[in-house]
Structure formats: C-alpha cells, structure tokens
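A closer look at the structure
The residues making up each chain are set out below.
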Amino acid sequence: MELAQVRLLVTDFAACYHFYAEVLGLKPQSGATSGPYEKFSPATGAAGIALQDRSMMAEVLGELGDSATGHRSLVVLRVDHLDTYCEEIAGRGAALIHGPAPMTDRMRVAHLKDPEGNLVELQEWLLLRT
C-alpha cells in the first residue's frame, strides 16, 4: 500500500488553487485553476496535496453538500528555513496565525489557514541542521 495524496474538499476552488500554487509555492500537476481537481507537489518528496470541489464529491457520495465547519484537517509541510519561508509567503499574501515559534526542542513551527479554513503547519526540523 502507498499513500497517494491527501485530498481536501473545498468550496472555493479557485481561491484554494491560488493559495497552494501561488502563496505556498507548490507545483500544480495540470494547471486546472478552476477545478474540479488538482494535485500539488513540493519540490522534493513524493507526498502530494490535492484539491477537489466539494460539490463534485457530494454528487458522487450523495452527501457532503453542506460546508465544512470546524477544523477537519491539518496539512503539514516541512521547510528548511522557516523564518525565511514565512517572510516569503507573507509577501505573497499568507497570514500567519501562529509563529514561527518552537514546538519542541527538535522542531519550530508556524501555522496559517488556507482560504477554506484548513490549517497548514509549516515545520522546520532542527535535528536536520548540520
């Protein structure tokens, strides 16, 4: 078994596409800016994040029609230089809600939300420094 992706069901596909591609700088697979589906990949690693229009999945399953409420996901991205990356994405419109700050003695984190309210955690692993 292999994890292919984490998929977020979204209502405002275009705003979320912009956030993951332009603000966070992840690479879109096809360039489908208006959906109903797109996968994003970081520069390294095999994991991916995908967006899918919530109404499309509601048609498939016969449910999920209502907007999501509360925090239902946490997307975690590892970055090498947290402070620098946070400055870069803030310049592209990201609004940090926490950090950068120590989480443990081995990790620093920052948190923000995508346009749908999904939490995004940026991690800098301190043990990887040489």
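Residues numbered from 1 in each chain as written. Predicted model: local features only at pLDDT ≥ 70, side-chain atom pairs only at ≥ 80, totals over all residues. Heavy atoms only, no water.

What to know about the pattern of salt bridges
Side chains that differ in charge, positive against negative, can pair when their charged atoms come close. Enumeration according to the criterion identifies 3 salt bridges in this entry. Here Arg 78 and Asp 80 are joined by a salt bridge, their closest N and O atoms 2.9 Å apart. Across the pair Asp 83 and Arg 108 runs a salt bridge, and its minimum N-O distance is 3.2 Å. Of this pair, Asp 83 sits in helix 3 (residues 82-91) while Arg 108 sits in strand 7 (residues 107-113), placing them 25 residues apart in sequence. In this structure Asp 83 comes out as partly exposed when scored by relative accessible area, which is 37%. Ionic contacts of the salt-bridge type, sharing partners, join the residues Asp 83, Arg 108 and Glu 124 into one network. (Salt bridge = Lys/Arg side-chain N within 4 Å of Asp/Glu carboxyl O. Helix = DSSP H or I, 4+ residues; strand = E, 2+ residues; numbered from the N terminus. Buried < 20%, exposed > 50% of the residue type's maximum accessible area, 1.4 Å probe, protein only.)

What to know about the packing of aromatic side chains
Within this structure, the stated rule accounts for 3 aromatic pairs. Ring centres of Tyr 17 and Phe 40 lie 5.2 Å apart, and the angle between their planes is 65°; on these two criteria the pair is classed as edge-to-face. With Tyr 17 in helix 1 (residues 13-23) and Phe 40 in strand 3 (residues 37-41), this pair connects stretches of sequence that are 23 residues apart. Judged by centre distance (6.1 Å) and plane angle (35°), the ring pair of Tyr 20 and Phe 40 falls under tilted. Of this pair, Tyr 20 sits in helix 1 while Phe 40 sits in strand 3, and the two are 20 residues apart along the sequence. The ring of Trp 125 is capped by Arg 78, whose NZ or CZ atom sits 5.1 Å from the centre of that ring. (Phe/Tyr/Trp six-rings, centres within 6.5 Å; stacked < 30°, edge-to-face > 60°. Lys NZ or Arg CZ within 6 Å of the ring centre and 35° of its normal.)

Quick notes on the confidence of the model for the protein
Low pLDDT marks stretches whose predicted atomic positions should not be read closely. Residues of the protein with pLDDT of at least 70 account for 88%, and the chain-wide mean is 87. The secondary structure element of the protein with the lowest average pLDDT is helix 2 (residues 54-61), at 80, and the one with the highest is helix 3, at 97. (pLDDT = per-residue confidence, 0-100.)

Section: the layout of surface pockets
The method is simple in principle: a probe with the dimensions of a water molecule rolls over the atoms, and the space it marks as empty is what remains. In this structure, the largest pocket occupies an estimated 670 Å³ of space. Lining the largest pocket are 26 residues, with Leu 26, Pro 42, Thr 44, Leu 77 and Arg 78 sitting closest to its centre. In terms of residue count, strand 5 (residues 74-78) provides more of the lining of the largest pocket than any other element does, 5 residues in total. Here the lining of the largest pocket is built from residues that sort into 15 nonpolar, 8 polar and 3 charged. (1 Å grid on protein atoms, 1.4 Å probe; cavity = no way out; pocket = protein on both sides within 12 Å on 5 of 7 lines; lining within 4 Å. Points joined across faces, edges and corners; volume = space filled by probe spheres on them. Nonpolar A, V, L, I, M, F, W, Y, C, P; charged D, E, K, R; others polar.)

What about the pairing of strand 4 (residues 49-53)?
With 5 of 5 residues buried, strand 4 is to be regarded as a mostly interior element. Covered by surrounding structure in strand 4 are Ile 49, Leu 51 and Asp 53 together with Ala 50 and Gln 52, the residues of both alternating faces. Pairing between strand 1 (residues 6-10) and strand 4: 5 bridges, direction parallel. Bridging across to strand 4, Leu 8 finds its partner in Leu 51. (Pairing = 2+ DSSP bridges.)

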